[in-house]
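Observations on the model geometry
Okay, here's what each chain looks like letter by letter:
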Amino acid sequence: MSERTRDHIVEAADKLFYRQGYERTSFADIADVVQISRGNFYYHFKTKDEILNAVIEARLAQVRTTLDEWEVDGKHPEDRIRSFIHILIANRADIKRYGCPVGTLCAEVAKLNHASQAEANKLFTLFRTWLRRQFVLLGREADADALAMHLLARSQGVATLANAFHDERFIKQEVKQMCDWLKSCTKSAARNTRSTHGVSNRALR
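Notes on the structure in this doc start here. (Residues numbered from 1 in each chain as written. Predicted model: local features only at pLDDT ≥ 70, side-chain atom pairs only at ≥ 80, totals over all residues. Heavy atoms only, no water.)

A few words on the packing of helix H8 (residues 117–138) against helix H9 (residues 144–165). Two numbers describe how H8 lies on H9: the axes approach to 8 Å, and their chain directions differ by 130°. It follows that H8 is oblique to H9 by the angle criterion. The two elements H8 and H9 cross, and the hand of that crossing is right-handed. Between H8 and H9, the residues in contact are Phe124, Phe127, Arg128, Leu131, Arg132, Phe135 and Val136 and Ala144, Asp145, Leu147, Ala148, Met149, Leu151, Leu152 and Gln156, respectively. When its residues are assigned to classes, the contact of H8 with H9 shows 11 nonpolar, one polar and three charged. (Axes fitted to C-alpha atoms, helices over the stretch in contact; angles between N-to-C directions. Helix = DSSP H or I, 4+ residues; strand = E, 2+ residues; numbered from the N terminus. Parallel < 35°, antiparallel > 145°, perpendicular 65-115°, else oblique. Left-handed = near helix turned anticlockwise from the far one by under 90°. Contact = heavy atoms within 4.5 Å. Nonpolar A, V, L, I, M, F, W, Y, C, P; charged D, E, K, R; others polar.)

Rendered as structure tokens:
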């Protein structure tokens, strides 16, 4: 029961931090959602910073689970990268209202120069590392990290502007363009592979 109550606190805090921001969310806000006494609340968390750390840990665990699922579901690295792009579509309603949950949290803790900034940034690092690996598998080892960062940056830009303008069509349009860009990356990798194999075969003759 105690562990379940703690999980409920973290889940409620996660949603509130996303929807109204970490700084604007109080202990009372979280306690009201969970509907527990102040004494019970303080038994689990003494400070809001402790809750923030727990929320970041929960989000990191969720990202790892999502990445693992994409690994299982996607037979080809292009399919897996496309799954990352499509989270903009899957989460478009929340993104229009609140922005990207990762981007907004990292931006806020950075602005506050909060001690948890490095931990929060691990959320982006997980995506960056995973995307880089997919681009390597795609055959773009030389520029895999640059491509991963480009895709991360573009998805963040789309989320920010979609939130600013509340424009769902914009999200769909940008997702299509990112998918087209991914196809071009795949074709380029295939051409490079054929070219390399061609040079190798000529050298063996």
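With that out of the way, let us pick up the nonpolar core. The biggest cluster of nonpolar side chains holds 57 residues, and the ones touching the most others in it are Ile30, Ile51, Phe84, Ile85, Phe135 and Leu151. Contributing elements (two or more residues each) for this core: helix H1 (2–20), helix H2 (27–34), helix H4 (48–73), helix H5 (77–90), helix H7 (101–111), H8, H9 and helix H10 (168–204). With nine residues, H4 is the single largest residue contributor to this core. Each residue touching Phe135, except ones within four places of it in the same chain, is listed here: Ile81, Arg140, Glu141, Ala144, Leu147, Ala148, Leu151, Trp181 and Leu182. (Core = buried A, V, L, I, M, F, W, Y, C linked by side-chain atoms within 4.5 Å. Buried < 20%, exposed > 50% of the residue type's maximum accessible area, 1.4 Å probe, protein only.)

Considered for burial, the residues of H2 that qualify are Phe27, Ile30, Ala31 and Val34. Considered in projection along H2, the buried side chains sweep an arc of 100° and stay on one side of the axis. At its buried positions, H2 is contacted by H1, helix H3 (38–44) and H4. One or two positions beyond H2, positive phi appears at Gln35, with a value near 60°. (Arc of directions from axis to C-beta.)

If charged atoms from side chains of opposite charge come close, those side chains can pair. If you walk through the whole model with that rule in mind, you get 15 salt bridges. Residue Glu168 is joined to Arg92 by a salt bridge in which the shortest nitrogen-to-oxygen separation is 2.8 Å. Taken together, the positions of Glu168 in helix H10 and Arg92 in helix H6 (residues 92–98) put the pair 76 residues apart, joining distant regions of the chain. We classify Glu168 as partly exposed; its relative accessible area is 25%. Of the charged contacts, one joins Glu119 and Lys122 as a salt bridge, the two residues approaching to 2.6 Å between their closest N and O atoms. With a gap of three residues between them, Glu119 and Lys122 both fall in helix H8, about one helical turn apart. Where salt bridges share partners, they join Arg92, Lys96, Glu168 and Lys172 into one cluster. (Salt bridge = Lys/Arg side-chain N within 4 Å of Asp/Glu carboxyl O.)

This paragraph deals with the side chain of Thr5. For Thr5, the location among the structural elements is in helix H1. Residue classification places Thr5 among the buried positions, given a relative accessible area of 12%. Apart from residues no more than four positions distant in its own chain, Thr5 is found in contact with Ile36, Asn40 and His44.

A separate point is the packing of H4 against H8. Contact pair H4 / H8: the axes reach a minimum separation of 9 Å and the direction vectors enclose 10°. As the angle between them shows, H4 and H8 are arranged roughly parallel. For the pair H4 and H8, the contacting residues are Ile56, Arg59, Leu60, Val63, Arg64, Leu67, Trp70 and Glu71 in the first and Glu119, Ala120, Lys122, Leu123, Leu126, Phe127, Trp130, Arg133 and Gln134 in the second. Its residues assigned to classes, the contact of H4 with H8 shows 10 nonpolar, one polar and six charged.

This part covers the layout of surface pockets. By volume, the largest pocket is sized at about 720 Å³. What lines the largest pocket is a set of 27 residues, and nearest its centre among them are Gln62, Val63, Asn91, Pro101 and Val102. Elements with a contribution of two residues or more to the lining of the largest pocket: H1, H4, H5, H6, H7, H8 and H9. Top element by residues in the lining of the largest pocket is H4. It accounts for six residues. Counted by class, the lining of the largest pocket contains 16 nonpolar, five polar and six charged residues. (1 Å grid on protein atoms, 1.4 Å probe; cavity = no way out; pocket = protein on both sides within 12 Å on 5 of 7 lines; lining within 4 Å. Points joined across faces, edges and corners; volume = space filled by probe spheres on them.)

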